[in-house]
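# Structural description and commentary
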Amino acid sequence: MKKAVYPGSFDPVTFGHLDIIKRASEMFDELIVSVLNNKAKTPLFSVEERVKILKEATKDLPNVKVDSFSGLLINYAAEHDLHIAVRGLRAITDFEYELQIAQTNKKLSHEELDTIFLTTSLEYSYLSSSSVKEIACFGGDISQCVPEFVEKLIHEKYANIDNK
Ligand code: ADP
């Protein structure tokens, strides 16, 4: 069975991520979308919330599983017998960063973990989780960036933060 892992922060998941998930799910028998628990970042949504959101957003894709992990991707991949990581590329600015991570993972895993890149569909090339958060925190329209239920959850989060 051909399996791959799509790791990321997904804080929150956008149509850009969902486009990569759908296309990757057509290339593999099983795709595991795994939320990185990055202690260095203060996320808008907890890991548990992000996992729940991703499960809902991918519920129509039967071969997509959602999970989470902490620490190094290579250790998580080894534990789950995963040898391919999927990452998305938007612009040239993603390339340098992604290339460095991919090469580091390959070296650290003794060639056990390789990375494949899917280039973004043009309509999503401008989209990032951070710009979605920035627009939403000023009350802007994010309906073209994330699914409707995610839009609602983001606005609820900011309403709660504002009330504190
Ligand atoms: P990270 O914090 O690990 O970069 P993200 O959740 O921001 O996690 O992104 C996960 C992956 O999805 C990365 O490979 C990123 O380049 C890719 N990605 C993010 N937004 C888009 C998009 N709009 N189109 C294609 N790929 C994207």
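Overview of the structure. (Residues numbered from 1 in each chain as written. Predicted model: local features only at pLDDT ≥ 70, side-chain atom pairs only at ≥ 80, totals over all residues. Heavy atoms only, no water.)

## Overview of the overall build of the protein chain
Assigned secondary structure in the protein chain consists of six helices and five strands. Put simply, the protein chain runs from its N terminus to its C terminus through helices and strands in the order β-α-β-α-β-α-β-α-β-α-α. Relative to a compact globule of 164 residues, whose C-alpha radius of gyration would be 15 Å, the protein chain shows 16 Å and is just as compact. By its C-alpha atoms, the protein chain is 50 × 30 × 30 Å across when sized along the principal axes. Classification of the 164 residues of the protein chain by burial places 44% in the buried group. Sequence separation of at least 24 residues holds for 74% of the intrachain contacts in the protein chain that already meet a minimum separation of 6. Accessible surface, the protein chain: about 9,600 Å² in total, of which carbon and sulfur atoms supply 53%. (Helix = DSSP H or I, 4+ residues; strand = E, 2+ residues; numbered from the N terminus. Rg over C-alpha atoms; globule rule 2.2 N^0.38 Å. Buried < 20%, exposed > 50% of the residue type's maximum accessible area, 1.4 Å probe, protein only. Contact = heavy atoms within 4.5 Å. Areas by Shrake-Rupley, 256 points an atom, 1.4 Å probe, with all protein chains shown as cover.)

## Let's talk about a nonpolar patch on the surface
A cluster of nonpolar side chains, contributed by Ile-92, Phe-95 and Leu-99, occupies part of the molecular surface with about 290 Å² of accessible area. Here Ile-92 lies in helix 4 (residues 92-108). (Patch = residues over 30% accessible without salt bridge, like charges linked within 9 Å, V, L, I, M, F, W, Y side chains within 5 Å. Salt bridge = Lys/Arg side-chain N within 4 Å of Asp/Glu carboxyl O.)

## Brief notes about the pairing of strand 1 (residues 3-8)
By the criterion of burial, strand 1 is predominantly enclosed, with five of the six residues buried. In the classification by handedness, the crossover that spans strand 1, the intervening helix 1 (residues 15-25) and the parallel strand 2 (residues 30-36) is right-handed. (Right-handed = clockwise from strand over helix to strand, strands pointing away.)

## Topic: the pairing of strand 2
Summarising burial for strand 2: six of the seven residues are buried, a large majority. Both strand 2 and strand 3 (residues 64-69) contribute to a ladder of six bridges, which runs parallel. Paired with Leu-36 across the strands is Phe-69, a residue of strand 3. Remark: the strand 2/helix 2 (residues 47-57)/strand 3 crossover connection has right-handed handedness. (Pairing = 2+ DSSP bridges.)

## Re the site of the ligand
Taken together, 16 residues are adjacent to the ligand, and Tyr-6, Ser-9, Phe-10, Gly-88 and Tyr-124 come closest. Taking Ser-9, its side chain carries an N or O atom lying 2.7 Å from an oxygen atom of the ligand. In the complex, 91% of the free accessible area of the ligand, which totals 560 Å², lies under the protein chains. Of all the secondary-structure elements, those providing two or more residues to the shell around the ligand are strand 1, helix 1, strand 4 (84-89) and helix 4. Residue composition of the shell around the ligand, by class: five nonpolar, six polar and five charged. (Near = heavy atom within 4 Å. Polar contact = N/O pair within 3.5 Å; in protein donor to acceptor, adjacent residues only side chain to side chain. Nonpolar A, V, L, I, M, F, W, Y, C, P; charged D, E, K, R; others polar.)

## Focus on the nonpolar core
Counting residues in each nonpolar core, the largest one holds 32 residues, and the members touching the most others are Tyr-6, Ile-21, Leu-31, Val-33, Leu-54, Val-86 and Ile-154. Counting residues per element, the ones that place at least two in this core are strand 1, helix 1, strand 2, helix 2, strand 3, helix 5 (129-137) and helix 6 (148-163). Those residues in contact with Ile-154 that lie beyond four places of it in its chain are Pro-12, Leu-44, Phe-45, Val-132, Ala-136, Ile-142 and Val-146. Counting residues in each nonpolar core, the second largest holds 10 residues, with Val-5, Phe-69, Leu-73 and Tyr-76 among its members. (Core = buried A, V, L, I, M, F, W, Y, C linked by side-chain atoms within 4.5 Å.)

## Things to note about the packing of aromatic side chains
Enumeration according to the criterion identifies three aromatic pairs in this entry. For the ring pair Tyr-6 and Phe-10, a centre distance of 5.1 Å and an interplane angle of 85 degrees mean the geometry is edge-to-face. On the basis of relative accessibility, which here comes to 5%, the residue Tyr-6 falls in the buried class. Judged by its relative accessible area of 4%, Phe-10 falls in the buried class. Where Phe-15 meets Tyr-124, the ring centres are 6.3 Å apart and the plane angle is 35 degrees; that geometry is what we call tilted. (Phe/Tyr/Trp six-rings, centres within 6.5 Å; stacked < 30°, edge-to-face > 60°.)

No statement about biological role is implied by the geometric values presented.
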